[in-house]
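Take a look at the letters that make up each chain.
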Amino acid sequence: MPRRAVRGPPRQKTTILFKAGNLPGSPEELFRRVFWKSDFLAGEAQNFWREVKKSEPVGLPIQAWKDWISKRSMSVGQFYNMIHGLVGAGFIERKDSGWHVSNGFLRELEQMLTVYSAESGLSHQML
């Protein structure tokens, strides 16, 4: 009998714009770099992330999406794209039937600093 491929859970990814010499000066600019195709989704994602942050440590229930889209004039597709971007960037994660703030984004940045520092010989001390 042939073996079946075993896959782990799907890992969401998203593209974040890095612009050399153009540092984000506000949270709004940071969210615009994740949601660079839509200013509307960037704003909604930031608002949703703030709600998730306020709900810690319990987390925002997964079912909150129904209320969110009805109050915010969003389609289900827009909400899905927003969640996909937030999870893919490492801003939030799904855990224990709720959305929680994630440290994934910080881990990615720290790893990039470590790799670049090792390759370039430059220090990655934050000033």
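Since this is a predicted model, take the numbers as computed values, not measurements.

**Student:** Now, about the pattern of salt bridges: what can you tell me, with residues and values included?
**Tutor:** Under the criterion given, the structure shown has four salt bridges. With a shortest N-O distance of 2.9 Å, Glu 44 and Arg 72 are connected by a salt bridge. Pair noted here: Glu 44 is in helix α2 (residues 39-55) and Arg 72 is in helix α3 (residues 64-72), with a separation of 28 residues, a long-range link. Looking at Glu 44, the relative accessible area reads 9%, which means it is buried. Judged by its relative accessible area of 27%, Arg 72 falls in the partly exposed class. Between Lys 54 and Glu 51 there is a salt bridge, and its shortest N-O distance comes to 3.3 Å. Taken together, the residues Lys 54 and Glu 51, both in helix α2 and three residues apart, mark about one turn of the helix. Residue classification places Glu 51 among the partly exposed residues on the basis of a relative accessible area of 31%.

**Student:** Lay out helix α4 (residues 76-89) in plain terms, naming residues and giving numbers.
**Tutor:** Here α4 is 14 residues long and its end C-alpha atoms lie 20 Å apart, about the 20 Å a rise of 1.5 Å per residue gives. Looking at the buried side of α4, the elements it contacts are α1 (27-34), α2, α3, β2 (92-95), β3 (98-101) and α5 (104-120). At the exit of α4 stands Gly 90, carrying a positive phi of roughly 85°.

The rules behind the values
- Residues numbered from 1 in each chain as written.
- Predicted model: local features only at pLDDT ≥ 70, side-chain atom pairs only at ≥ 80, totals over all residues.
- Heavy atoms only, no water.
- Salt bridge = Lys/Arg side-chain N within 4 Å of Asp/Glu carboxyl O.
- Helix = DSSP H or I, 4+ residues; strand = E, 2+ residues; numbered from the N terminus.
- Buried < 20%, exposed > 50% of the residue type's maximum accessible area, 1.4 Å probe, protein only.
- Expected span 1.5 Å × (residues − 1).
- Contact = heavy atoms within 4.5 Å.

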